[in-house]
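Given next are the chains, with one letter for each unit.
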Amino acid sequence: MEELAEAQRRTEQRVEELAEAQRQLTHVQTRMERRLHRVEVRLDRLWGHDVERRYRERAAAYFGRLLSGVEVLDTQALARLLDQARKAGRINHEEREDILWADVVVRGEAPEGTQVAFLLEVSSVVAQEDVERAKRRAELCTKALGIPVYPAVAGEEVPEDVAKLCQVQGVWQLADGRAFPPSGPANA
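These figures come from a predicted structure and were not determined experimentally.

1. Notes on the layout of surface pockets
Over the atoms, a rolled probe matching the size of one water molecule traces out where space is still vacant.
Okay, step 1: There is about 220 Å³ of room inside the largest pocket.
Okay, step 2: Together, 14 residues line the largest pocket, and Arg56, Thr75, Leu100, Ala102 and Asp103 are the ones closest to its centre.
Okay, step 3: Among the elements of the structure, α1 (2-57), α3 (75-87), α4 (93-100) and β2 (104-109) are those that each provide at least two residues to the lining of the largest pocket.
Okay, step 4: Broken down by class, the residue content of the lining of the largest pocket amounts to nine nonpolar, one polar and four charged.
Okay, step 5: For the second largest pocket, the calculated volume is near 170 Å³.
Okay, step 6: Lining of the second largest pocket is provided by Val41, Asp44, Arg45, Gly48, His49, Glu52, Val122, Ser123 and Ser124.
Okay, step 7: Counting only elements with at least two residues in the lining of the second largest pocket, the list comes to α1 and β3 (115-125).
Okay, step 8: At six residues, the largest contribution of residues to the lining of the second largest pocket is made by α1.
Okay, step 9: A class-by-class count of the residues in the lining of the second largest pocket yields two nonpolar, four polar and three charged.

2. Things to note about the pairing of strand β5 (residues 172-175)
Okay, step 1: Burial along β5 is two-sided: Trp172 and Leu174 facing one way and Gln173 and Ala175 facing the other are all buried.
Okay, step 2: Direction of pairing for strand β4 (residues 149-157) relative to β5: parallel, over a ladder of three bridges. Residue pairing in the sheet places Val153 in a bridge with Gln173 of β5.
Okay, step 3: Sheet analysis places β5 next to strand β6 (residues 178-180), joined by three bridges and oriented antiparallel. Bridge assignment links Gln173 to a residue of β6, and that residue is Phe180.
Okay, step 4: Linking β5 to β6, which pair antiparallel, is a turn of two residues; within it Asp176 sits at a positive phi near 50°.

3. Some details on the state of the cysteines
Okay, step 1: All chains considered together, the criterion is met by zero disulfides.
Okay, step 2: As a non-bridged cysteine, Cys141 has Cys166 as the owner of its nearest cysteine sulfur, 18 Å distant.

4. Here's the deal with α3
Okay, step 1: With 13 residues, α3 ought to run about 18 Å at 1.5 Å a step, and its terminal C-alpha atoms sit 18 Å apart, in line with that.
Okay, step 2: Inspection of α3 places Ala77, Leu78, Ala79, Leu82 and Ala85 among the buried residues, and these make up the whole buried set.
Okay, step 3: The opening residue of α3, the one whose side-chain oxygen lies 3.1 Å from the backbone nitrogen of Gln76, is Asp74.

5. A closer look at a positive patch on the surface
Okay, step 1: The grouping of Arg31, Arg34, Arg35, Arg38, Arg42 and Arg45 at the surface amounts to a positive patch.
Okay, step 2: Along the chain, Arg42 falls in helix α1.

6. Focus: the packing of α3 against α4
Okay, step 1: Where α3 contacts α4, the two axes come as close as 10 Å, and the packing angle between them is 160°. One element, α3, and the other, α4, form an angle in the roughly antiparallel class. You can see that α3 and α4 cross each other, and the crossing is right-handed. Of the residues in α4, those in contact with Thr75, Leu78, Ala79, Leu82, Asp83 and Arg86 of α3 are His93, Arg96, Ile99 and Leu100.
Okay, step 2: For the contact of α3 with α4, the residue count by class is five nonpolar, two polar and three charged.

The rules behind these values
- Residues numbered from 1 in each chain as written.
- Predicted model: local features only at pLDDT ≥ 70, side-chain atom pairs only at ≥ 80, totals over all residues.
- Heavy atoms only, no water.
- 1 Å grid on protein atoms, 1.4 Å probe; cavity = no way out; pocket = protein on both sides within 12 Å on 5 of 7 lines; lining within 4 Å.
- Points joined across faces, edges and corners; volume = space filled by probe spheres on them.
- Helix = DSSP H or I, 4+ residues; strand = E, 2+ residues; numbered from the N terminus.
- Nonpolar A, V, L, I, M, F, W, Y, C, P; charged D, E, K, R; others polar.
- Buried < 20%, exposed > 50% of the residue type's maximum accessible area, 1.4 Å probe, protein only.
- Pairing = 2+ DSSP bridges.
- Disulfide = S-S within 2.5 Å.
- Expected span 1.5 Å × (residues − 1).
- Polar contact = N/O pair within 3.5 Å; in protein donor to acceptor, adjacent residues only side chain to side chain.
- Patch = residues over 30% accessible without salt bridge, like charges linked within 9 Å, V, L, I, M, F, W, Y side chains within 5 Å.
- Areas by Shrake-Rupley, 256 points an atom, 1.4 Å probe, with all protein chains shown as cover.
- Salt bridge = Lys/Arg side-chain N within 4 Å of Asp/Glu carboxyl O.
- Lys, Arg positive; Asp, Glu negative; His and termini not counted.
- Charge placed at Lys NZ, Arg CZ, Asp CG, Glu CD.
- Axes fitted to C-alpha atoms, helices over the stretch in contact; angles between N-to-C directions.
- Parallel < 35°, antiparallel > 145°, perpendicular 65-115°, else oblique.
- Left-handed = near helix turned anticlockwise from the far one by under 90°.
- Contact = heavy atoms within 4.5 Å.

Written as structure tokens, this is what we have:
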């Protein structure tokens, strides 16, 4: 009987040790999951910056079928134009700041000879917020620049629900070197 009780005590001790080891493993797994999440967030951010850089550097290629004389308005050039618009009372300070956070603004001449621009929000995976920001900022930019500014989103992936939202909101989509107007997919 004594041996049986001793064996049970050792078994209970071993079970408690295993339970403690399981708790420690769960704690380590939780920490690893958090670290992996942070790495994924950083990688997504870097991926998004790379996609944005590509659209800025290759704007003439992306917009060459839509515009001639494609010019990327860097932040400094855009800020000067927006300062003039603010002084003229077309936009206020907050609107100026909002436009300056746009990822890419390009302008050029449309086939009919008018000056137009596109305001892009670029993400690795385009989200609803990108569509909403592009639309809002393009409307503000139209007021500021006095030319039509079309909202656009660009990215590696555009989920189906976001593509539908683009159609409803009148936002262009850019993907794989092609521009899709809000009226439907067309090889622009």
